[in-house]
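Each chain, letter by letter, is given below.
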Amino acid sequence: MKKGSKRASGAFLNYGIVIVFYIVFQILSSTGHLSSSFSGQLIPICTYVIMALSLNLVVGFSGELSLGHAGFMSVGAFSGVIASVALQNYVTVSSVRLFLAILVGAAIAAIAGIVIGVPVLRLQGDYLAIVTLAFGEIIKNILNCLYVAVDKNGLHFSMTDATSMNLEPENVVILNGPMGALGVKKISTFLSGIILILVVLFIIQNLVNSRSGRAIAGIRDNRIAAEACGIQITKYKMMAFVTSAAMAGSAGALYALNFSTVVPKKFDFNTSILILVFVVLGGIGNLRGSIIAAAILTVLPELLRQFQDYRMLVYAIVLIMVMLITNNEKAQALRQRFIKTLFKNKKKEAV
Amino acid sequence: MAKEHEVKLVSVESPNLIPERDKQYPLVLEVSHLGIDFGGLTAVDEFNMALGKTEICGLIGPNGAGKTTVFNLLTKVYQPTRGTILLDGKDTHGMNTTKVNQAGIARTFQNIRLFDKLSVEDNVKIGLHNHINYGMMNGVLRLPKYWKEEKRAHEKAMELLSIFDMEHLAKDEAGSLPYGAQRRLEICRALATGPKVLLLDEPAAGMNPSETAELMDNIRKIRDTFHISILLIEHDMNLVMGICESIVVLNFGKIIAKGTPSEIQNNPQVIEAYLGKQREV
C-alpha cells in the first residue's frame, strides 16, 4: 500500500509544483517585480517543460531514444500558426483560437509521429534515434522552402516562392520560406501554458499508471518477457511515441503563437539536444525532475547575462556540476543525509 | 505418496505416449517433426511429442541437448525450420511470440526475465494484460471502467501471488527479490496470462532441497487448480521423477527416450547419455 499511495501523492505534488509556480510568478509580474526579459521567458519555460515531459515519455518510460523532438515541435508550431491565421476571421476569441491551434498542432505532429513510428518502431535497437535525427533535419529543410498563404479562396501552398500561388489581391502570407512565419498574432498566455503543462502531466501520469503504461514499462524492462506475456510490442511503443509527438506538437503551437516571428531554423538539432539535456539532468523517467530541470535551464542563460561573454561557458560548467552532483554516489549520500536532517520529525514516514 | 502419481502411459495416434486418463480428451499440445537449423547446425530435429490435458511432462537431457531451444520453438522465439505445432488442434504456424501466448502457451525463462524495475504486483498485472479490458482512453481519463478493471486485476494478482505466499511482497521491486522468489514470481506471471500449457524452464534452479520440495507441491497444486498441462525442463531428478507423469529425454537435439519415470530411470540409452558408455570388462 505504501508505494502505491506514495506514487499517487507524488503525482499530486507535481500538479502542486506547477500551480505554485504559476501563482508565484503571476504575483511577481502583477506587482511589477519581474523584469520584462524574464516575463518574456515564462511561455518558453512552459513550452520546454512540456517538451521535456513529452520526451521523458519516450526516453524514460518507453526506453527509446528520440533525437528529433524539435522536429515534432516545429511541425506543431507551424501548423498551429497556419491554423491560427486561417481561423482569424472565423474565431475571434483568441483563447478559443489558441486552443484550436494547439489541437491542430498536436494532431499534425501525431500524424508525423505515426508516419515515423510505423516503420521504425518494428525494429529493435537504436534505429529510432537515427531516424528521428534525420526527421528533425528534413522537417527543418522542408519548412525552410514552404510557402503558405491564405486568401478568400482558402489556403495555398507552394514549395518554390510566394508569387507562384496566384493569390487574390487581399491575402495574408502565413509562411514565407526561410523567413518563417511573420506577423503572427501573439495569443499564447502564461495561463494557457500552465494549463497545457497540467494536461500533459495528467495524461502522462495516468497513462503510466494504467494497463497501457505497464505494458510500455514492461517492454522497456524486458522485451522478450513482455512478448511472452502476450503484449503487442509495436502497438505500445507506438502509443508512447505518438502521444509524445502530439504533446511536442502542442508545445510547438504554444511556443510559436508567443512570438511575432517564428523561423524554422529555431527548431534544429541543438534544440532537440537541449530538450534531451533537460530530461537527462532531471532524471530519466522522473517527471518532476524534468519539470524542474527544464524550468531552471531555460532561465539560466538569462540569469547568467551578467557574465556577458562567459555566459555559455558558465552554463556549460553548471551543466557539468549538476551531472556530477546528481550522479555521484557520495553526493547522493550527502543529499540523503541533508534531506533526513531536514525532515527529522517526519523520518519514520520517509523510511 | 509417490504411488499416487504413478500413471499408466498409453499411445495415441499422434506422436507420443500420454497418461491413460487423458486419452478421452483432445490433446492440448501436439508437436510433430519439429526441427530448426542454425545455418548448417541442426539444433533440434524430428521432435515429436504430445501433451494430454492436465499432464505434467518432463523434458530432460544433458547440457546443450536443445531443451531450451524446444521451448523457444514452441513459443516462437525462434521460427521452426520444419514441423508443426498444434495447440488445441490449432496450428500455430505464422504466429509470433505474442500470438502464441494469447493462444495459450505461457513460459518462464532459464535466466530469469522479470520486469526488474516494476513492483511484484505490476509484474503479475502485465501477465494479466490481455485479461484486463480497458483501453488507453479509459486509463488516461480514469473512467469508472478503469477503477473496476484495476480492482479486479488487483484481486486476481493477489490471488495468483497467494499460491506462493507472496502477497506481502506485492509492493516490492521485482529485481530486489531473492532468487527463489523471482523464479516463483515468473511462474505467477506466466499463470496470469491464462495459459492452457505452461512451460517451465528449470523452475528449481538455485533452490535448496526444502524450497524444491515446496515447489513440487506447488506445481501439482497449479495443475489441479488451473487444470493446465505443464511441460518442464529440469536438472533436479528428484523433482522430475517426483512429479512428472511422463518424461521425454533429449540428446544432441533428438529424442532418445520417452516413457514413465521408472522406464526412463532404467533406460540404457538415457544412462549412457548422462553417464557415458559402460566399458565392457
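Rules used throughout
- Residues numbered from 1 in each chain as written.
- Chains lettered and ligands numbered in written order.
- Predicted model: local features only at pLDDT ≥ 70, side-chain atom pairs only at ≥ 80, totals over all residues.
- Heavy atoms only, no water.
- Helix = DSSP H or I, 4+ residues; strand = E, 2+ residues; numbered from the N terminus.
- Buried < 20%, exposed > 50% of the residue type's maximum accessible area, 1.4 Å probe, protein only.
- Contact = heavy atoms within 4.5 Å.
- Areas by Shrake-Rupley, 256 points an atom, 1.4 Å probe, with all protein chains shown as cover.
- Buried area = accessible area lost by both parts, 1.4 Å probe.
- Salt bridge = Lys/Arg side-chain N within 4 Å of Asp/Glu carboxyl O.
- Polar contact = N/O pair within 3.5 Å; in protein donor to acceptor, adjacent residues only side chain to side chain.
- 1 Å grid on protein atoms, 1.4 Å probe; cavity = no way out; pocket = protein on both sides within 12 Å on 5 of 7 lines; lining within 4 Å.
- Points joined across faces, edges and corners; volume = space filled by probe spheres on them.
- Nonpolar A, V, L, I, M, F, W, Y, C, P; charged D, E, K, R; others polar.
- Pairing = 2+ DSSP bridges.
- Axes fitted to C-alpha atoms, helices over the stretch in contact; angles between N-to-C directions.
- pLDDT = per-residue confidence, 0-100.
- Phe/Tyr/Trp six-rings, centres within 6.5 Å; stacked < 30°, edge-to-face > 60°.

Trainee: For the overall build of chain B, give the residues involved together with the corresponding values.
Mentor: Scanning chain B for helices and strands turns up 10 helices and 12 strands. When its C-alpha atoms are laid out on the principal axes, chain B stretches across 75 × 40 × 40 Å. Out of the 281 residues belonging to chain B, those deemed buried represent 55%. The long-range share in chain B, meaning contacts at least 24 apart out of those at least 6 apart in sequence, stands at 66%. Just so you have it, chain B exposes about 12,800 Å², and 51% of that area is on carbon and sulfur atoms.

Trainee: Quick one: what's the story with the interface of chain B and chain A, residue by residue and with numbers?
Mentor: With 31 residues of chain B in contact, the opposing surface of chain A contributes 31 residues. For the chain B and chain A pair, buried surface summed over both sides reaches about 2,800 Å², with 58% attributable to carbon and sulfur atoms. Taken together, the links from chain B to chain A amount to 1 salt bridge. One salt bridge in this structure joins glutamate 150 of chain B and arginine 214 of chain A, with 3.0 Å as the shortest N-O distance. Between the two partners, chain B and chain A, sit 17 residue pairs in polar contact (both at pLDDT 80 or more). Broken down by secondary-structure element, the contributors of at least two residues to the side of chain B that touches chain A are α2 (97-103), α3 (120-127), α4 (136-141) and α5 (144-163) of chain B.

Trainee: How would you sum up the layout of surface pockets? Please name residues and give values.
Mentor: By rolling a water-sized probe across the atoms, one finds the places where empty space is left. Residue and element names in this part refer to chain A. Of the volumes computed, that of the second largest pocket is approximately 480 Å³. Tallying contributions element by element places helix α5 (residues 94-120) first for the lining of the second largest pocket, with 7 residues. When its residues are assigned to classes, the lining of the second largest pocket shows 17 nonpolar, 4 polar and no charged.

Trainee: Let's hear about the environment of phenylalanine 190 of chain A: which residues, and what values?
Mentor: Residue and element names in this part refer to chain A. Summarising the element assignment, phenylalanine 190 is placed in helix α7 (residues 190-208). Between the C-alpha atom of phenylalanine 190 and that of glutamine 26, which follows or precedes it by 164 residues, the distance is 8.6 Å. Residues in contact with phenylalanine 190, not counting those within four places in the same chain, are Phe21, Tyr22, Phe25, Gln26, Leu42, Ile43 and Cys46.

Trainee: Run through unusual backbone geometry, naming residues and quoting values.
Mentor: Residue and element names in this part refer to chain B. Residue arginine 142 is not a glycine yet carries a positive backbone phi of 50°. Considering the arrangement of structural elements, one finds arginine 142 in the loop between α4 and α5. Phi angles above zero are rare outside glycine, and aspartate 165 is one such case at about 55°.

Trainee: Quick one: what's the story with the sheet that holds strand β9 (residues 197-201) of chain B, residue by residue and with numbers?
Mentor: Residue and element names in this part refer to chain B. Strand order in the open sheet formed by 6 strands is β8-β9-β10-β5-β11-β12, and the pairing between neighbours is mixed. Edge positions in the open sheet fall to β8 (105-107) and β12 (254-259), since each of these has one partner strand only. Here the average twist between neighbouring strands, direction ignored, is 20°. Where strand β11 (residues 246-251) and β12 come together, 5 bridges link them in antiparallel fashion. Bridge pairing links valine 248 to lysine 258 in β12. Packed on one face of the sheet, helix α1 (residues 67-74) meets β5 (56-60), β8, β9, β10 (229-233) and β11 and runs near 140° to β10. Taken strand by strand, helix α6 (residues 179-192) contacts β8 and β9, and its axis lies near 160° from that of β9.

Trainee: Kindly report on the sheet that holds strand β2 (residues 154-158) of chain A, identifying the contributing residues and their values.
Mentor: Residues and elements named next belong to chain A. Read from one edge of the open sheet, 3 strands run β2-β1-β3, paired in antiparallel fashion. At either margin of the open sheet sits one strand with a lone partner, and together these are β2 and β3 (172-176). Strand-to-strand twist across the sheet, computed as the mean angle between neighbouring axes with direction ignored, equals 20°. Taken together, the 4 bridges between strand β1 (residues 147-151) and β3 define a ladder with antiparallel strand orientation. Each bridged residue has a counterpart across the sheet, and for alanine 149 the counterpart in β3 is valine 173.

Trainee: Give me the confidence of the model for chain A: which residues, what numbers.
Mentor: Taken over all residues, the pLDDT of chain A has a mean of 87, while the share at 70 or more is 95%. Across chain A, element-level confidence peaks in helix α10 (residues 233-256) of chain A with a mean pLDDT of 96 and bottoms out in helix α15 (residues 347-350) of chain A with 48.

Trainee: Any chance you could break down the confidence of the model for chain B for me, citing the residues and the numbers?
Mentor: The share of residues in chain B with pLDDT of 70 or more is 96%, and the mean pLDDT across the chain is 90. Here the predicted complex scores 0.89 on pTM and 0.89 on ipTM.

Trainee: Quick rundown of α1 of chain B? Include the residues and the values.
Mentor: Residue and element names in this part refer to chain B. Where burial is concerned, most of α1 is hidden: 7 out of the 8 residues are buried. Along α1, the residues that are buried comprise Lys67, Thr69, Val70, Phe71, Asn72, Leu73 and Leu74. Looking one or two residues past α1, lysine 76 carries a phi angle of roughly 65°, positive in sign.

Trainee: Got a sec to walk through the pattern of salt bridges? Specific residues and values, please.
Mentor: All names here are of chain B. Using the criterion set out here, one finds 19 salt bridges over all chains in the structure. When the shortest N-O distance is used, the salt bridge between aspartate 37 and arginine 82 registers 3.1 Å. You can see aspartate 37 sitting in strand β3 (residues 29-38) and its partner arginine 82 sitting in strand β6 (residues 82-87), a full 45 residues away along the chain. The exposure class of aspartate 37 is partly exposed, given its relative accessible area of 27%. When the shortest N-O distance is used, the salt bridge between arginine 184 and glutamate 211 registers 4.0 Å. Residue arginine 184 is located in helix α6, and its partner glutamate 211 is located in helix α7 (residues 209-226); the two are separated by 27 residues in the primary sequence. The exposure class assigned to glutamate 211 is partly exposed, which follows from its relative accessible area of 23%.

Trainee: So what about the packing of aromatic side chains? Which residues, and what values?
Mentor: Residue and element names in this part refer to chain A. Applying the stated criterion to the full structure yields 15 aromatic pairs over all chains. Here the aromatic rings of tyrosine 48 and phenylalanine 278 are separated by 5.8 Å at their centres, their planes lie at 75°, and the arrangement is edge-to-face. Note that tyrosine 48 is positioned in helix α3 (residues 42-61) and phenylalanine 278 in helix α11 (residues 269-282), a separation of 230 residues in sequence. Neither residue differs from the other here; tyrosine 48 and phenylalanine 278 are each classed as buried.

Trainee: So what's going on with the pairing of β6 of chain B? Which residues, and what values?
Mentor: Residue and element names in this part refer to chain B. Bridge count between β3 and β6: 5 bridges; the pairing is antiparallel. Residue pairing for β6: glycine 35 is matched across the bridge by arginine 82. Bridge count for β6 against strand β7 (residues 90-91) is 2 bridges, and the pairing is antiparallel. What sits directly across from leucine 86, in β7, is aspartate 91. As consecutive antiparallel partners, β6 and β7 are separated by 2 residues, and within that stretch aspartate 88 has a phi angle of approximately 55°, a positive value.

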